[in-house]
Amino acid sequence: MSLRHYFRRPPAVTAAEAVSLVADGALVVDVRRAFEWNRAHIPGAVHMPLEVLPERCLELPDDRLLITFCTGGIRSAGAANLLTENGFDAVNMSRGLVDWRAAGGPLVTGERHPPS
């Protein structure tokens, strides 16, 4: 993924908006690494680490809003730009996990994830 994906500001939503959008059918795409996912993740999210997103993004549904997600919102901003460039309807959840928790979003903790 090139640096330009990080410099443009993608469409963004707050965590509170993301919680509502997920309830309405949006899909969270978690771009964090496996050890971060194993610690805690959003139920129903797709785990697709940023390193593999360029090669695997076509596996994602193109008929749902995709909300990119990471710990703080920086990696997911680049991911949202990449997805948008590939024709997906995608937004970045700004401030990531910290705000998701504060907005009352559910989390799964301590679950093991098979290697990607």
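Residues numbered from 1 in each chain as written. Predicted model: local features only at pLDDT ≥ 70, side-chain atom pairs only at ≥ 80, totals over all residues. Heavy atoms only, no water.

### Description of the overall build of the chain
Broken down by element type, the chain carries six helices and seven strands. The N-to-C order of helical and strand elements in the chain reads α-β-α-β-α-β-β-α-β-α-β-α-β. Each of the 116 residues in the chain was classed as buried or not, and the buried ones make up 43%. The contacts in the chain between residues at least 6 apart in sequence include a share of 68% that link residues at least 24 apart. For the chain, the accessible surface area stands at approximately 6100 Å², while carbon and sulfur atoms represent 55% of it. (Helix = DSSP H or I, 4+ residues; strand = E, 2+ residues; numbered from the N terminus. Buried < 20%, exposed > 50% of the residue type's maximum accessible area, 1.4 Å probe, protein only. Contact = heavy atoms within 4.5 Å. Areas by Shrake-Rupley, 256 points an atom, 1.4 Å probe, with all protein chains shown as cover.)

### Details of helix α5 (residues 74–85)
Its twelve residues give α5 an end-to-end C-alpha distance of 17 Å, which sits within 8% of 16 Å, the value for a rise of 1.5 Å per residue. Among all positions of α5, only Ser76, Ala77, Gly78, Ala79, Ala80, Asn81, Leu82 and Leu83 are buried. Immediately downstream of α5, the backbone of Gly87 shows phi near 90 degrees, a positive value. (Expected span 1.5 Å × (residues − 1).)

### Focus on the sheet that holds strand β4 (residues 46–47)
Either a parallel or an antiparallel arrangement is found when strands of a sheet pair, and the pairing is made through backbone hydrogen bonds. Strand order in the open sheet made by the five strands is β1-β6-β5-β2-β4, with parallel pairing throughout. Only two strands of the sheet have a single partner each, and these edge strands are β1 (12–13) and β4. Where β1 lies against strand β6 (residues 90–93), two bridges are found, and the strand directions are parallel. Bridging across to β6, Ala12 finds its partner in Asn92. Set on the sheet, α5 makes contact with β5 (66–69) and β6; between it and β6 the angle comes to about 175 degrees. (Pairing = 2+ DSSP bridges. Axes fitted to C-alpha atoms, helices over the stretch in contact; angles between N-to-C directions.)

### Some details on the pattern of salt bridges
Note that side chains of opposite charge can pair when their charged atoms are close. Across all of its chains, the model carries five salt bridges by this definition. Between Glu51 and Arg33 there is a salt bridge, with the nearest N and O atoms lying 3.6 Å from each other. Pair noted here: Glu51 is in the loop between β4 and α4 (53–56) and Arg33 is in the loop between β2 (27–30) and α3 (34–39), with a separation of 18 residues, a long-range link. Taking relative accessible area as the criterion, Arg33 reaches 45% and is therefore assigned partly exposed. Residue Arg75 is joined to Glu36 by a salt bridge in which the shortest nitrogen-to-oxygen separation is 2.9 Å. (Salt bridge = Lys/Arg side-chain N within 4 Å of Asp/Glu carboxyl O.)

### A look at the pairing of β6
Neither face of β6 is open: one carries Ala90 and Asn92, the other Val91 and Met93, and all of them are buried. Direction of pairing for β5 relative to β6: parallel, over a ladder of three bridges. Each residue of the ladder has a partner; that of Leu66, found in β6, is Ala90.

### Here's the deal with unusual backbone geometry
Positive phi, close to 70 degrees, is recorded for Arg95, a residue that is not glycine. Note on placement: Arg95 falls in the loop between β6 and α6 (96–102). Given a relative accessible area of 52%, Arg95 falls into the exposed group.

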